[in-house]
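Survey of secondary and tertiary structure
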Amino acid sequence: MNTKINNTSRINEVKIIAVDFDGTIVEHSYPKIGKQMFFAFATLKKLQQKGHRLILWTYREGIFLEEAVAYCLKNGVHFYAINENYLGEKSGKTYSRKLNADIFIDDRNVGGFLGWEQIWHILHPEDGEFSHQFKNEQAHLNFPLTIKNWLGFFGKKS
């Protein structure tokens, strides 16, 4: 069985990228707006120039959300959608708070915030195109769940 994962068919597609605000675009100062993170708006604008759709995905709501959106607009970034999958999405029985995004940029991901320069290099390496790199291809495969597998995962002998 071939377990190699092939991602070449999606390399040139436009990506939907969900971006957090506090701790990602700006430093943490909620409910105030913190200082801009180094390269944040330059990177976001370049991603938009490449055709990617950006969604602002933040805990903020009400006046605090309006201030964040205005701050981003003032810095040249207009989001495709804000706290929704697409502009005008309505909540209802089929509504999910989980976004249908290809990429999430957030300071709370495992390993922490990488920094905008590193994010740019991951999304657009020297050849200029995004190529998703699996850190651990095996993590994307399903294995039979047994006690022996779990004990080995945690470094214990069965």
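Here, the structure is the one placed above.
All of these numbers come straight from a predicted model, not from anything done at the bench.

Structural notes on helix α2 (residues 62-74)
Look at α2: 18 Å from first C-alpha to last across 13 residues, which is about the 18 Å you get at 1.5 Å a residue. Among the residues making up α2, those that are buried are Leu 65, Ala 68, Val 69, Tyr 71 and Cys 72. For α2, the buried positions fall inside an angular range of 160° around the axis, keeping them on one side. Of the exposed residues in α2, the ones pointing more than 90 degrees away from its buried face are Glu 66 and Lys 74. Here the buried face of α2 lies against α1 (40-49), β2 (53-56) and β3 (81-82). Following α2 by one or two positions, Gly 76 has its phi on the positive side, about 90°.

Description of unusual backbone geometry
Going from Tyr 30 to Pro 31, the amide bond is cis rather than trans, its omega being 10°. Within the secondary structure layout, Pro 31 lies in the loop between β1 (16-19) and α1. Non-glycine residue Asn 83 carries a positive phi angle of around 55°. Among the secondary structure elements, Asn 83 is positioned in the loop between β3 and β4 (103-105).

Examining the side chain of Thr 58
Assignment of secondary structure puts Thr 58 in the loop between β2 and α2. Of note is the side chain of Thr 58, whose polar atom sits 3.2 Å from the backbone nitrogen of Arg 60. Apart from residues lying up to four places away in sequence, Thr 58 is in contact with Asp 20, Phe 21, Asp 22, Leu 65 and Asn 83.

A word on the environment of Leu 56
Take Leu 56: it is sitting in strand β2. In this structure the C-alpha to C-alpha distance between Leu 56 and Ile 17, which are 39 residues apart in sequence, comes to 8.6 Å. With near-sequence residues (within four places) excluded, Leu 56 lies in contact with Val 19, Asp 20, Phe 21, Ile 25, Leu 65, Val 69, Phe 79, Ala 81, Ile 82 and Asn 83.

Regarding the sheet that holds β1
Taken together, 4 strands build an open sheet; the order of strands is β3-β2-β1-β4 and the sheet is parallel. The open sheet has two edge strands, β3 and β4, and neither has a second partner. Two strands pair when backbone bridges link them, and β1 and β2 are joined in this way by 4 bridges, in the parallel orientation. Bridge pairing in β2 links Ala 18 to Ile 55. Sheet contacts for helix α3 (residues 116-123): β1 and β4; angle to β4, the most-contacted strand, approximately 170°.

Remarks on the pattern of salt bridges
Pairing between side chains becomes possible if they bear opposite charge and their charged atoms approach one another. The full count for this structure, using the stated rule, is 2 salt bridges. With a closest N to O distance of 2.7 Å, Arg 60 and Asp 22 form a salt bridge. Here Arg 60 is found in the loop between β2 and α2, whereas its partner Asp 22 is found in the loop between β1 and α1, with 38 residues between them in sequence. Across the salt bridge formed by Asp 107 and Arg 108, the nearest N and O atoms sit 3.7 Å from each other. On the basis of relative accessible area, Asp 107 is assigned to the buried category, the value being 14%. According to the relative accessible area criterion, Arg 108 is exposed, its value standing at 67%.

Rules used in this analysis
- Residues numbered from 1 in each chain as written.
- Predicted model: local features only at pLDDT ≥ 70, side-chain atom pairs only at ≥ 80, totals over all residues.
- Heavy atoms only, no water.
- Helix = DSSP H or I, 4+ residues; strand = E, 2+ residues; numbered from the N terminus.
- Expected span 1.5 Å × (residues − 1).
- Buried < 20%, exposed > 50% of the residue type's maximum accessible area, 1.4 Å probe, protein only.
- Arc of directions from axis to C-beta.
- Contact = heavy atoms within 4.5 Å.
- Polar contact = N/O pair within 3.5 Å; in protein donor to acceptor, adjacent residues only side chain to side chain.
- Pairing = 2+ DSSP bridges.
- Axes fitted to C-alpha atoms, helices over the stretch in contact; angles between N-to-C directions.
- Salt bridge = Lys/Arg side-chain N within 4 Å of Asp/Glu carboxyl O.

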